[in-house]
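# What the coordinates show
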Amino acid sequence: MGALVALAVAVLLVIGTVYWDIFDGPPVRDGVAIIFFSAAVACLVMAFVPVADPGTSPSPGKMLGDWRRSERIERQFARHPPTIVPEDRDEVIAGSQRLLATSVIAVDRSKWVPCGHLLAWVALVVAGMASPDQLTLLLLPLIFSALYSTAVLASVTAAGRADAAHHRALSLPPTPADSSPVRTKSSPPISRLALPDE
């Protein structure tokens, strides 16, 4: 997909250069700029291409019904997680798998945006459009690339914390199954008192 987009953009830029003088430098320099511009557009398009089958998206997980326990499990994916309570082992494992899956998908999609801005910056520099006289073109793509890189780093950090929580939970022994007998709801007691007229 990305290669087709890059090829289409390159053809359009070559046609524009031949007929409308989009680039007016030496042919070699213009060719290199066209290659980088085409790659930049392809990267930005790839950010909108789905990377996972919607049917394989991680399940949202079951509702615990206890906000204190839910908060305790969520803290396992924080910067300084507390010790895992044995009864939370299975929920931490399930939550880490969901977080790891969503983080990997986020990294796979968001990595294209900073790459696209960086390639566009290289193309502008090669073409001579970005220079100290044109500070907007010189700095703006770099600023956008740095901003979008923070989203990629955040997703990578979340994936690392999920993996660490997964390994910590696996090191605990499995939670034993509840073997207590199931209580049935008993019928209300029958009054044995006699009424006055009986």
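Residues numbered from 1 in each chain as written. Predicted model: local features only at pLDDT ≥ 70, side-chain atom pairs only at ≥ 80, totals over all residues. Heavy atoms only, no water.

### Quick notes on the environment of S149
With respect to the helices, strands and loops of the structure, S149 is situated in helix α6 (residues 135-170). With 34 residues separating them in the primary sequence, S149 and C115 have C-alpha atoms 8.7 Å apart. Within polar-contact distance, the side chain of S149 engages the backbone oxygen of S145 at 2.6 Å. (Helix = DSSP H or I, 4+ residues; strand = E, 2+ residues; numbered from the N terminus. Polar contact = N/O pair within 3.5 Å; in protein donor to acceptor, adjacent residues only side chain to side chain.)

### Considerations on the pattern of salt bridges
Applying the stated criterion across every chain yields a total of 5 salt bridges. R69 serves as the salt-bridge partner of D88, at 2.7 Å between the closest nitrogen and oxygen. Remark: R69 occurs in helix α3 (residues 67-74) and D88 occurs in the loop between α3 and α4 (89-110); sequence separation between them is 19 residues. Take D88 and R69: they sit in the same class, and that class is buried. For R89, the salt bridge identified is with D90, shortest N-O distance 3.1 Å. Where salt bridges share partners, they join R69, R72, E87 and D88 into one cluster. (Salt bridge = Lys/Arg side-chain N within 4 Å of Asp/Glu carboxyl O. Buried < 20%, exposed > 50% of the residue type's maximum accessible area, 1.4 Å probe, protein only.)

### Side note on the nonpolar core
Counting residues in each nonpolar core, the largest one holds 15 residues, and the members touching the most others are L13, F23, I34 and F37. Elements represented by at least two residues in this core include exactly α1 (2-20), α2 (27-46) and α5 (112-127). A total of 5 residues in this core trace back to one element, the largest contributor, which is α1. (Core = buried A, V, L, I, M, F, W, Y, C linked by side-chain atoms within 4.5 Å.)

### Points about α5
Residues separated by three or four positions in an α-helix point in the same direction, a consequence of the helix having 3.6 residues per turn. Relative to the 22 Å expected for 16 residues at 1.5 Å per residue, α5 spans 22 Å between its end C-alpha atoms, a close match to the ideal helical length. Regarding α5, the residues found buried are V113, P114, G116, H117, A120, A123, L124 and A127. Those residues of α5 that are buried lie in contact with α2, α4 and α6. Once α5 ends, the next one or two residues include G128, with phi positive near 85°. (Expected span 1.5 Å × (residues − 1). Contact = heavy atoms within 4.5 Å.)

### Here's the deal with the environment of A10
Along the chain, A10 falls in helix α1. In this structure, A10 is in contact with I34 and S38, ignoring residues within four places of it in sequence.

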